[in-house]
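Remarks on the overall topology
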Amino acid sequence: MVTRVSTAGNYNSVLANLLAAQARQSEANDRVSTQKLGSDLKSYARNAEMLTAMRSTQTRLESYADQGMMMSDKLATQDMALNQVAGAATASRQVILDAVAAGDAGALMEELEAQFRNAVQGMNTRYGGKFLFAGGQVDTQPVTAQSMADLTAAPIASFFKNDDFLTKAQLDDSTVVTTGILATELGTELLTAFEAIQDFHASGLGPLDGKLTDAQASFLESQLAAWENIRSDLTVVTGRNGLVQQRVDQVLDNIETRGATLAGMMGDVTDADPAKAITELQAAQFSVQAAAQVFMTLQSTSLLNLLQR
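Notes on the structure in this doc start here. (Residues numbered from 1 in each chain as written. Predicted model: local features only at pLDDT ≥ 70, side-chain atom pairs only at ≥ 80, totals over all residues. Heavy atoms only, no water.)

Topic: the packing of helix α3 (residues 108-123) against helix α4 (residues 183-202)
Stated precisely, the cut-off is as follows: Every axis in this analysis is a line fitted to C-alpha atoms, fitted for helices over the stretch in contact. Angles between the N-to-C directions lie between 0 and 180 degrees. Helix and strand definitions here come from DSSP, where helices need a minimum of 4 consecutive H or I residues and strands a minimum of 2 consecutive E residues; each element is numbered from the N-terminal end. In what follows, roughly perpendicular refers to angles from 65 to 115 degrees, roughly parallel to angles under 35, roughly antiparallel to angles over 145, and oblique to any angle outside these ranges. Crossing chirality is assigned from the near helix's rotation relative to the far helix, an anticlockwise turn below a right angle marking it left-handed and a clockwise turn marking it right-handed. Residues count as neighbours in contact if any of their non-hydrogen atoms are within 4.5 Å of one another.
Between α3 and α4, the shortest axis-to-axis distance is 11 Å and the interhelical angle comes to 160 degrees. Taken together, the axes of α3 and α4 are roughly antiparallel relative to one another. Read as a crossing pair, α3 and α4 show a hand that is left-handed. Two secondary-structure elements touch here, α3 through M109, L112, Q115, F116, A119 and M123 and α4 through A183, L186, G187, L190, L191, F194, I197, Q198 and H201.

Things to note about the packing of aromatic side chains
Where we set the bar: For Phe, Tyr and Trp, rings pair up if their centres lie within 6.5 Å, where Trp contributes its six-membered ring, and each pair is then called stacked (planes under 30 degrees apart), edge-to-face (over 60) or tilted (otherwise). Only protein chains enter the calculation, and the probe is 1.4 Å; a residue is then buried if its accessible area is under 20% of its type maximum, exposed if over 50%, and partly exposed in between.
Throughout the structure, instances matching the rule amount to 3 aromatic pairs. Taking the centre distance of 5.4 Å and the plane angle of 85 degrees together, the rings of F116 and F194 count as edge-to-face. With a gap of 78 residues between them, F116 in helix α3 and F194 in helix α4 connect regions that are remote in the sequence. Take F194: its relative accessible area is 0%, and that puts it in the buried class. Plain terms: the ring middles of F194 and W227 are 4.9 Å apart, the flat faces sit at 80 degrees to each other, and that makes the pair edge-to-face.

Considerations on the pattern of salt bridges
Inclusion rule: Throughout this description, the term salt bridge denotes a Lys or Arg side-chain nitrogen within 4 Å of a carboxyl oxygen of Asp or Glu.
Taken as a whole and assessed by the stated rule, the structure comprises 6 salt bridges. With its nearest N and O atoms 3.2 Å apart, the salt bridge here joins D173 to R60. Highlighted residues: D173 in the loop between β3 (168-170) and β4 (176-178) and R60 in helix α2 (residues 48-102), separated in sequence by 113 residues. Residue R60 is classed as partly exposed on the basis of its relative accessible area, which comes to 33%. The salt bridge involving E113 is made with R117; its shortest N-O contact spans 3.7 Å. Here E113 pairs with R117, and both are found in helix α3, just 4 residues apart, close to one helical turn.

Focus on the nonpolar core
Filter applied, for reference: Residue types Ala, Val, Leu, Ile, Met, Phe, Trp, Tyr and Cys, when buried and joined through side-chain atoms within 4.5 Å, form a set referred to as a nonpolar core.
If you look at the biggest cluster of nonpolar residues, it comprises 46 residues, and the most contacted ones within it are I96, L108, L112, L190, L191, L208 and W227. Taken together, the elements giving at least two residues each to this core come down to α2, α3, α4 and α5 (214-270). Looking at this core element by element, the count peaks at 10 residues for α2. Sequence-distant contacts of L208, that is, excluding residues within four places in its chain, are made with A105, L108, M109, I197, F200, H201, Q216 and L220. Counting residues in each nonpolar core, the second largest holds 15 residues, with M54, Y64, V244 and I255 among its members.

Points about a negative patch on the surface
Short version of the rule: Residues forming no salt bridge and having over 30% relative accessible area are the ones grouped into patches, like charges within 9 Å of each other and nonpolar side chains (Val, Leu, Ile, Met, Phe, Trp, Tyr) within 5 Å. Every accessible area reported is derived by Shrake-Rupley at a probe size of 1.4 Å, with residue values counting cover from the shown protein chains alone. This count recognises Lys and Arg as positive and Asp and Glu as negative, with His and chain-terminal groups excluded. By convention, charge coordinates are those of NZ in Lys, CZ in Arg, CG in Asp, or CD in Glu.
Together, D98, E110, E111 and D209 line one region of the surface with negative charge. On the secondary structure map, D209 appears in the loop between α4 and α5.

Comments concerning the side chain of T238
Note on placement: T238 falls in helix α5. A relative accessible area of 11% means that T238 is categorised as buried. For T238, the residues in contact, after removing those within four places along its chain, are D79, L82, N83 and A86.

Thoughts on α4
This is how the line gets drawn: Helix span, as expected, comes to 1.5 Å for every residue beyond the first.
Here α4 spans 27 Å end to end across 20 residues, near enough to the 28 Å set by a 1.5 Å rise per residue. Looking at α4, one finds that the buried residues are A183, L186, G187, L190, L191, A193, F194, E195, I197, Q198 and F200.

Quick notes on the environment of D150
For clarity, the cut-off: Identification of polar contacts relies on pairs of N or O atoms within 3.5 Å, with a donor-acceptor requirement for protein atoms, meaning one able to donate a hydrogen and the other able to accept it, and with residues adjacent in sequence counted only if both atoms are side-chain atoms.
Mapping D150 onto the fold places it in the loop between β2 (130-131) and β3. On the accessibility criterion, D150 (26% relative accessible area) is partly exposed. Residues D150 and E195 lie 45 residues apart in sequence; the distance between their C-alpha atoms is 8.7 Å. The contact partners of D150, leaving out residues within four places of it in the chain, are A145 and F159. Here Q146 takes part through its backbone nitrogen, which lies 2.9 Å from a polar atom of the side chain of D150.

Spelled out as structure tokens, the structure:
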């Protein structure tokens, strides 16, 4: 059998080798630049199913992380609001105690009015444009009273516009926490205590604006226990919110750890060995150069030239 030799055949063979070498060089260059073995699941055919499952888990973890970060921020805002309400209750009790100790209520009502407004402002705190303590009625201001005088015009319950819905959040596959707190829980007893003082101030035994009478001093002393209970209850609610914050932070730490572990496992499958990738790139570049050199040599040679020698 005689093998047919032709210039066209040689060109085709050399060109095919050159194109193959260039393709290998491109692939090797991609591995060096991306540090990945491939750009799609076809590149990891043997591990495609496992990678799909890991990427699905990774997406779910990222979603939980985003939600957890938002929830952590919301709880921090909620914590500030709760501390504002609890602080108003503590300050109100102290104002009453100071008036009783001094036997004078000269600035009592003005100071209580200021603390009342602090408390209402705290209960009407917004996060992301939504009222925190309104339950499901997030677009409705949960406490409508504007001043202590308003409290004597209608039942205390009428000043609360929240519903009974308590917000919950799923932090991961197995953790659900209740984050919602209602304005009625925070403010019913608080507004009732403000109302009691306002009623007394407007009664025949008032006003509370100067030296205290025996009846006025006795009344104010009788209010101190209620204010202490309110302060204590609000402190408990604030502490409960803090525990939820702590739980959210723990779950976020766990998600971060799981995410890092998962990324490492995926990297074991998809990441290229930098040293090996560079070596393969150098070998591919040498192959391209060699194929190109053969092609150039062939351009200056033909079968006709060989027959003429």
